[in-house]
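Now for the letters of each chain:
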Amino acid sequence: MTRHAELIHERYEAMLFAKNANEARRAARELVRTALGDDALDMPLEEALRECCRELRPAADPREQLRFEAEFVELGIWPRTATRVAA
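Below is a short write-up of the structure. Given the structure is predicted, the values throughout are model-derived calculations rather than measurements.

### Description of the nonpolar core
Here is step 1: In terms of nonpolar packing, the biggest core is built from 16 residues, with M15, L31, V32, L49 and F72 touching the most fellow members.
Here is step 2: If you list the elements that add at least two residues to this core, you get helix 1 (3–16), helix 2 (21–36), helix 3 (45–56) and helix 4 (62–76).
Here is step 3: When neighbours within four sequence positions are excluded, L31 is seen to be in contact with I8, R11, Y12, M15, C52, L56 and F72.

So, in structure tokens, the structure goes:
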């Protein structure tokens, strides 16, 4: 695994296992910056996460791609009022 791939994996793991919304957003921004470059930070976070997902986890089926993107966004942008419940 290249160093760049390792960094992306580390950032994704940080986003996946974030304990609160601020941690998740911070990890999401770092993932976007690592995967897409500094220019991606000028985009809204949701749009940048969708683009990041298209790069990192492309799908042949457009409906499946939309589902993947929604999952990425959910991981990086927690609901502002609700809290996530651990399973």
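There is more to say after this.
### Observations regarding helix 4
Here is step 1: Look at helix 4: 21 Å from first C-alpha to last across 15 residues, which is about the 21 Å you get at 1.5 Å a residue.
Here is step 2: Along helix 4, the positions that sit buried rather than exposed are Q65, F68, E69, F72, V73, L75 and G76. Across the axial projection of helix 4, the buried residues extend over an arc of 160 degrees, all falling on one side. For helix 4, the exposed residues lying more than 90 degrees away from the buried face are R63 and L66.
Here is step 3: Lining the buried residues of helix 4 we find helix 1, helix 2 and helix 3.

### Side note on the pattern of salt bridges
Here is step 1: If you walk through the whole model with that rule in mind, you get 12 salt bridges.
Here is step 2: The shortest N-O distance in the salt bridge between R50 and E69 comes to 3.6 Å. Of this pair, R50 sits in helix 3 while E69 sits in helix 4, and the two are 19 residues apart along the sequence.
Here is step 3: Judged by its relative accessible area of 4%, E69 falls in the buried class.
Here is step 4: Linked by salt bridges that have partners in common, R3, E6, E10, R11, E30 and R33 make up one network.

### Things to note about the packing of helix 2 against helix 3
Here is step 1: Following both chains from N to C, one finds helix 2 and helix 3 inclined at 50 degrees, their axes separated by 10 Å at the closest point. With respect to their mutual orientation, helix 2 and helix 3 come out oblique. Once helix 2 is placed against helix 3, the crossing between them reads as left-handed. Counting all contacts with helix 2, which are made through R25, A28, R29, L31, V32, A35 and L36, the residues of helix 3 involved are L45, A48, L49, E51, C52, E55 and L56.
Here is step 2: For the contact of helix 2 with helix 3, the per-class residue count stands at 10 nonpolar, no polar and 4 charged.

Basis of the calculations
- Note on numbering: residues in each chain are counted from 1, in written sequence order.
- With pLDDT at 70 or above as the cut-off, local features in this predicted model cover only qualifying residues; side-chain atom pairs require 80 or more to be listed or tallied, and sums for whole chains, interfaces and linings still use all residues.
- Only hydrogens and water are set aside when side-chain values are computed; all heavy atoms of the structure are taken into account.
- Here, the term nonpolar core denotes a set of buried Ala, Val, Leu, Ile, Met, Phe, Trp, Tyr and Cys residues that are joined through side-chain atoms within 4.5 Å.
- Classification of residues uses two cut-offs on accessible area relative to the type maximum, computed with a 1.4 Å probe and protein chains only: under 20% is buried, over 50% is exposed, and between them is partly exposed.
- Secondary structure is summarised from DSSP: a helix means a run of H or I of at least four residues, a strand means a run of E of at least two, and numbering begins at the N terminus for each.
- Contact criterion: two residues are considered in contact whenever any of their non-hydrogen atoms come within 4.5 Å of each other.
- A helix is expected to span 1.5 Å multiplied by its residue count minus one.
- Of all possible arcs, the one meant is that of the directions from the helix axis to the C-beta atoms.
- When a carboxyl oxygen of Asp or Glu is within 4 Å of a side-chain nitrogen of Lys or Arg, the pair counts as a salt bridge.
- Structural elements are reduced to axes, namely lines fitted to C-alpha atoms, with helices fitted over the stretch in contact, and the angle between N-to-C directions of any two is expressed from 0 to 180 degrees.
- For this classification, under 35 degrees means roughly parallel, over 145 means roughly antiparallel, 65 to 115 means roughly perpendicular, and everything else is oblique.
- The handedness criterion is simple: a crossing whose near helix is rotated anticlockwise from the far helix by less than a right angle is left-handed, and one whose near helix is rotated clockwise is right-handed.
- Residue classes follow a fixed rule: Ala, Val, Leu, Ile, Met, Phe, Trp, Tyr, Cys and Pro count as nonpolar, while Asp, Glu, Lys and Arg count as charged, and any other residue, Gly among them, counts as polar.

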